[in-house]
Each structure stands twice: as structure tokens, then as C-alpha cells.
Amino acid sequence: MTIDSGTHDVATEPSRAEAREGFDEITILWISEGMSCDGDSVSFTAAGQPAIEDLVLGLIPGLPKVNLHNKVLSPSLGGEDFLAPYRAALRGEIAPFILVIEGSIPNQKIIEGDGYWTSFGNDPETGEPLTLNWWIDRLAPKAWAVVAAGTCATYGGIHAMAGNPTGCMGLADYLGWDFTSQGGLPIVNVPGCPIQPENFMETLVWVLYHAAGSAPPPPLDQMLRPQWLFGKTVHEGCDRAAYYEQADFARDYNSPKCQVKVGCWGPVVNCNVPKRGWMAGIGGCPNVGGICIGCTMPGFPDAFMPFMDEPPGGSFSTLMVKPYGAFVRRMRGITNAVVNREPKWHHNKPVLTSGYDPHWRP
Ligand code: SF4
Ligand code: SF4
């Protein structure tokens, strides 16, 4: 049937579903051979909204079929069996694919010809280890999207701290902050030590909806983090923030009060974990007694050490908030006592004292 819409012949136009340009199937090649503890691979197994199972079983409407390759979750026999899809991608036989890097990237140039820092499989011809750098150099330019999982892969993390011998760095430091994937995306950074499970899955799902042609690219900030996840501070989502506002500070780690004086950096750290919790909404660092040490931040860990010392700005800001906080806390205490009393007309005497006035009655 043709419907004349004035300027368009609707019969010849694709429907909205047909019009989308996207992929029906996509492969995720996850390499966790960066300098790391594999904690991000372990952490994302805890995701529930959505779970990895939902993703790989195709239970999320509108997503492409996902072929996930991750060594922690691999049903392969390991060795060459596990490496097969990575080698196929090198030959151009798998496309499109999303390259996920876990762990920081060492600087091979400082030891060139004198060994390697970290490797992923061997060269079949020479038997020599293939470095992580070798794989990134070859796979990143072919990848439809490139995702850095965890603070080590995003900004270097623990391994890249001052005095380290590896010269390691984050993926954007290695590939360049202006790197663009085959899909036209910058590197997508999901920091966290480790990644908060749903933070990673939510970002991955957004990238996959974009791959399906049904969502715009994920909005990223200047450090290439998802804006909707890292746009607020820990402090802004912390269960203990009311204690801070009332200048009521913990002196030890057993206290339920604000932990800024025992080392919490939450007021200046971009992270949604106190809001989101850790697993199934439970946990979230300061909410459950752990100071925030800034593990999602590009300056982590050096900028936040020594851990458990009061942050330098903390003593000034708490000094400023003290007069207001102490006064308001006292006022609220008085009001709290007032509103904790029942009105005096709640009694069982034979006279009504509530102030009810039946003057309108005839
Ligand atoms: S515990 Fe940390 S994040 Fe929570 S209110 Fe205190 S300073 Fe802010
Ligand atoms: S609250 Fe702080 S320590 Fe906890 S995950 Fe977020 S940045 Fe890391």
C-alpha cells in the first residue's frame, strides 16, 4: 500500500527498523594481559543489571549477538584454542570487534631488545612471546571500538605510580588521546580499581546499542569517562554526607560519621559507587566504612597517598564548615527534641482539647 504523505512516498522509504545502520553480530576480544591483577575481569562477573549471562545469551532486546572472549570466562581449552579468535582478528577474519584492554601498558621502548614486561601468547614461528604492545599495535587500528577496563588500563593505576620500573601507562597515553576507532569512537575509559560491575556493563551495553545503530555514541568527558557515571563526586552520593554538613567527624574507623579526618577523599573524587553500591546495590566504600582513596582517578594512587591521612584540603574545609555545622547541629537537636513529642491533645480524658471548633454547626 502506498500512502501519499505529500512530499514522501512512504512505500519506498525504509521503516525505522530497516533504516538503522548497525550490526547484528559483534565480537568482544578482551585482553587482560596488561599490568593488572585481573580484578576487572573478576569484578564484572558480579554485574546483575545486566549480567554477562544476559549479554551473551542474547536476552537484552535490541543488542547485536555478542561473542565474548575473556580468559576468566572462556570455555576454551586455553592456549592456542583461546588465542584463535585473536589471531583471526589479526588476519582480518573477524569484524566488527570491540577490543577491551585490562591492565596498564608497559613501555617496551625502554627495554627494547632486552626482554618484555608482559605478553599474550607466542609467535608460532619463533616461539618468542608476543607482547601486549604488539597486540594493541595490530588490533586497535582494526577494532570497531576500543574500551579500557579499570584504572590500570585507563590511566596507569597502581603499576604506573612514581618510581615504577616499567614506565607503564594508560591506553590513551599509549595510543594517543585523539585515537579514533574504526567505528569513529574515542577510547572509552571505564576507571575503577576494580571497575564497578554495573558501571562497566552499562557502558558496554551503550556501546553495543550504538553498534546496533539504535543509540548515539556514549557521552564521554575530557578524560574519556562516561559522563553519566563519573560526573558527580563520591561526597555527593555518600550516606555520611549529612555528618559532614553538620561538622560531625569520625575519629576512628568504627564510627558511622564522616570519615574526612581519617583519610576520605570523597569530596574531590569522581565516582558513583556510594550511590550505586557494589554488588546488587550493597556496599559502596564510605557507606560501609571504607574511606575513598580515589581509585577511579587519573592521579591515583600518587595524588592520594599516604592513604588514611587526612587530605590536605580536608583540614581547611572542615575548619570552614565547623561554625556553621556545629550551630546547625545544635539547632536541629532542639527541633528534633520538639518533634519527638506528641501533641498535648493526644489524651484519653473526657474533654476534647485539640482546638476543634464546631462553630459551623446549627
Ligand atoms: S565519608 Fe567521605 S564522601 Fe562521605 S561525607 Fe565524609 S568526606 Fe564525604
Ligand atoms: S568510592 Fe573512592 S575508593 Fe571507592 S570505588 Fe569510588 S573512587 Fe574508588
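Residues numbered from 1 in each chain as written. Chains lettered and ligands numbered in written order. Predicted model: local features only at pLDDT ≥ 70, side-chain atom pairs only at ≥ 80, totals over all residues.

- By the naming in an unreviewed UniProt entry, the chain goes by Hydrogenase expression protein HypE and is assigned to Streptomyces aurantiogriseus.
- The record in UniProt for the chain states the following under Subcellular location (unreviewed entry): "Cell envelope".
- What the UniProt record of the chain gives under Cofactor (unreviewed entry) is the line "[4Fe-4S] cluster". (UniProt positions renumbered as here; feature names shortened; annotations may be inferred.)

Brief notes about the pairing of strand β3 (residues 97-102)
Part 1 of the reasoning: Within β3, six of the six residues are buried, leaving the element largely enclosed by the surrounding structure.
Part 2 of the reasoning: Side chains F97, L99 and I101 of β3 all project onto a buried face; the interleaved residues I98, V100 and E102 project onto the opposite face, where all are buried too.
Part 3 of the reasoning: Direction of pairing for strand β1 (residues 25-31) relative to β3: parallel, over a ladder of five bridges. Each bridged residue has a counterpart across the sheet, and for I31 the counterpart in β3 is I101.
Part 4 of the reasoning: Here five bridges tie β3 to strand β6 (residues 145-149), and the two strands are oriented parallel to one another. Across the sheet, the residue bridging to V100 is V147, located in β6. (Buried ≥ 20, exposed ≤ 12 C-beta atoms within 10 Å, placed from the backbone. Helix = DSSP H or I, 4+ residues; strand = E, 2+ residues; numbered from the N terminus. Pairing = 2+ DSSP bridges.)

Re the pairing of strand β4 (residues 119-122)
Part 1 of the reasoning: Strand direction decides the pairing type here: β4 and strand β5 (residues 129-131), joined by two bridges, are antiparallel. Counted as the bridge partner of N122 is P129 from β5.

Structural notes on the site of ligand 1
Part 1 of the reasoning: Surveying the vicinity of ligand 1 reveals 14 residues, the closest of which are C238, C258, V260, C264 and G266.
Part 2 of the reasoning: Taken together, the residues of the shell around ligand 1 break down into ten nonpolar, three polar and one charged. (Near = placed C-beta within 6 Å. Nonpolar A, V, L, I, M, F, W, Y, C, P; charged D, E, K, R; others polar.)

What to know about the nonpolar core
Part 1 of the reasoning: Formed by 52 residues in total, the largest nonpolar core has its most connected members in F97, I98, I101, A145, V147, A149 and L171.
Part 2 of the reasoning: The greatest single-element share of this core, amounting to seven residues, is contributed by helix α8 (residues 197-211).
Part 3 of the reasoning: I101 has contacts with I31, G34, I136, A148, A149, A153 and L171, leaving out every residue within four places of it along the chain.
Part 4 of the reasoning: With 24 residues, the next largest nonpolar core counts C238, I291, C292 and M297 among its residues. (Core = buried A, V, L, I, M, F, W, Y, C linked by C-beta atoms within 7 Å. Contact = placed C-beta atoms within 7 Å.)

Comments concerning the UniProt feature "domain: NADH:ubiquinone oxidoreductase-like 20kDa subunit" (unreviewed entry) in the chain
Part 1 of the reasoning: Those places that UniProt annotates as "domain: NADH:ubiquinone oxidoreductase-like 20kDa subunit" (unreviewed entry) correspond, in this numbering, to residues 37-205.
Part 2 of the reasoning: A helix fraction of 30% and a strand fraction of 15% characterise residues 37-205, whose end C-alpha atoms lie 24 Å from each other.

Here we look at helix α4 (residues 79-90)
Part 1 of the reasoning: Helix length check: α4 (twelve residues) gives 17 Å between terminal C-alpha atoms against 16 Å at 1.5 Å per residue, within 8%.
Part 2 of the reasoning: A positive phi of about 80° marks G92, the residue just after α4. (Expected span 1.5 Å × (residues − 1).)

Things to note about the sheet that holds strand β2 (residues 65-69)
Part 1 of the reasoning: Strand order across the open sheet formed by five strands is β2-β1-β3-β6-β7, with parallel pairing between neighbours. Looking at which strands have only one partner, the edges of the open sheet turn out to be β2 and β7 (188-190). For this sheet the average axis-to-axis angle between neighbouring strands, irrespective of direction, equals 20°.
Part 2 of the reasoning: Two elements, β6 and β7, share three bridges in a ladder whose sense is parallel. Bridging across to β7, V147 finds its partner in V188.
Part 3 of the reasoning: Its contacts with the sheet put α4 on β1, β2 and β3, and the angle it makes with β1 is roughly 110°. (Axes fitted to C-alpha atoms, helices over the stretch in contact; angles between N-to-C directions.)

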